[in-house]
Amino acid sequence: MTVKLKNIRPGVLIIADAKLRLDPGQTFETESISPHMESALSAGRLARMDGKDDHRKQDESPTTSIQEEDLSGLTATEAISRIGTEGDPEKLKAHLAGEKRRTVIDALKKRLTEVEGGAG
């Protein structure tokens, strides 16, 4: 049985045990799902394109909003990417209060200045 999968991350996804490097939005077909692919599926990095995980897509909405609230579970690059799309100064200030990574703090300060129009 062939399974079609898609990288739904905003960045490159490496699946080491299958020796794959997937660009954002790239799809591929495979005969079997490797352990790393299964892990990426459950973590929301890969999506099945054959429609068999529709129940997962419905369940992802609440977890996605929770992940947006907490940047600490993301890599610095993913956190900075999320910060670039945030438009609420209160959320940015909340993230700034709990963040420890210097690069993410700098991105938060820059975005906060942009959102507040330089008045912050």
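Reading the values: the criteria
Residues numbered from 1 in each chain as written. Predicted model: local features only at pLDDT ≥ 70, side-chain atom pairs only at ≥ 80, totals over all residues. Heavy atoms only, no water. Buried < 20%, exposed > 50% of the residue type's maximum accessible area, 1.4 Å probe, protein only. Helix = DSSP H or I, 4+ residues; strand = E, 2+ residues; numbered from the N terminus. Pairing = 2+ DSSP bridges. Lys, Arg positive; Asp, Glu negative; His and termini not counted. Salt bridge = Lys/Arg side-chain N within 4 Å of Asp/Glu carboxyl O. Polar contact = N/O pair within 3.5 Å; in protein donor to acceptor, adjacent residues only side chain to side chain. Contact = heavy atoms within 4.5 Å. Axes fitted to C-alpha atoms, helices over the stretch in contact; angles between N-to-C directions. Parallel < 35°, antiparallel > 145°, perpendicular 65-115°, else oblique. Left-handed = near helix turned anticlockwise from the far one by under 90°. Nonpolar A, V, L, I, M, F, W, Y, C, P; charged D, E, K, R; others polar.

Student: Would you mind showing me how to read the pairing of strand E1 (residues 3-7) here?
Tutor: Regular strands show a simple pattern: their side chains alternate between the two faces of the sheet. Side chains Val3, Leu5 and Asn7 of E1 all project onto a buried face; the interleaved residues Lys4 and Lys6 project onto a face where none is buried. By the bridge criterion, four bridges tie E1 to strand E4 (residues 27-30) in an arrangement that is antiparallel. Note that in E4 the partner of Leu5 across the bridge is Phe28. Summarising the sheet, E1 and strand E5 (residues 46-48) pair through three bridges and their orientation is antiparallel. Across the sheet, Lys6 pairs through a bridge with Ala47, a residue of E5.

Student: So what exactly am I meant to see when it comes to the side chain of Glu86 here?
Tutor: Take Glu86: it is sitting in the loop between helix H3 (76-85) and helix H4 (89-98). Within the buried set, Glu86 has no salt-bridge partner at all; the shortest N-O distance to an opposite charge, 4.5 Å, is to Lys91. In terms of polar contacts, Glu86 uses its side chain to reach the backbone amide nitrogen of Asp88, at 3.1 Å. Setting aside residues up to four positions removed in sequence, Glu86 forms contacts with Lys91, Leu92, Arg111 and Val115.

Student: In this structure, what is going on with the packing of H4 against helix H5 (residues 102-115)? I would like to understand it.
Tutor: Working note: a packed helix pair is described by the angle between its axes plus the distance between those axes. Interaxial distance between H4 and H5 falls to 10 Å at its minimum, and their mutual angle equals 160 degrees. Taken together, H4 and H5 sit at an angle that is classed as roughly antiparallel. The element H4 and its partner H5 pack so that their crossing is left-handed. Where H4 abuts H5, its residues Pro89, Leu92, Lys93, His95 and Leu96 lie against Ile105, Leu108, Lys109, Arg111, Leu112 and Val115. Across the contact of H4 with H5, the residue classes tally to seven nonpolar, one polar and three charged.

Student: Please clarify how the pattern of salt bridges should be interpreted in this entry.
Tutor: A side chain of one charge can pair with a side chain of the opposite charge when the charged atoms of the two come close. Under the defined criterion, the tally for this structure stands at six salt bridges. Between Arg111 and Glu114 there is a salt bridge; the shortest N-O distance is 3.2 Å. Note that Arg111 and Glu114 are positioned in helix H5 at a spacing of three residues, about one turn of the helix. Looking at Glu114, the relative accessible area reads 45%, which means it is partly exposed.

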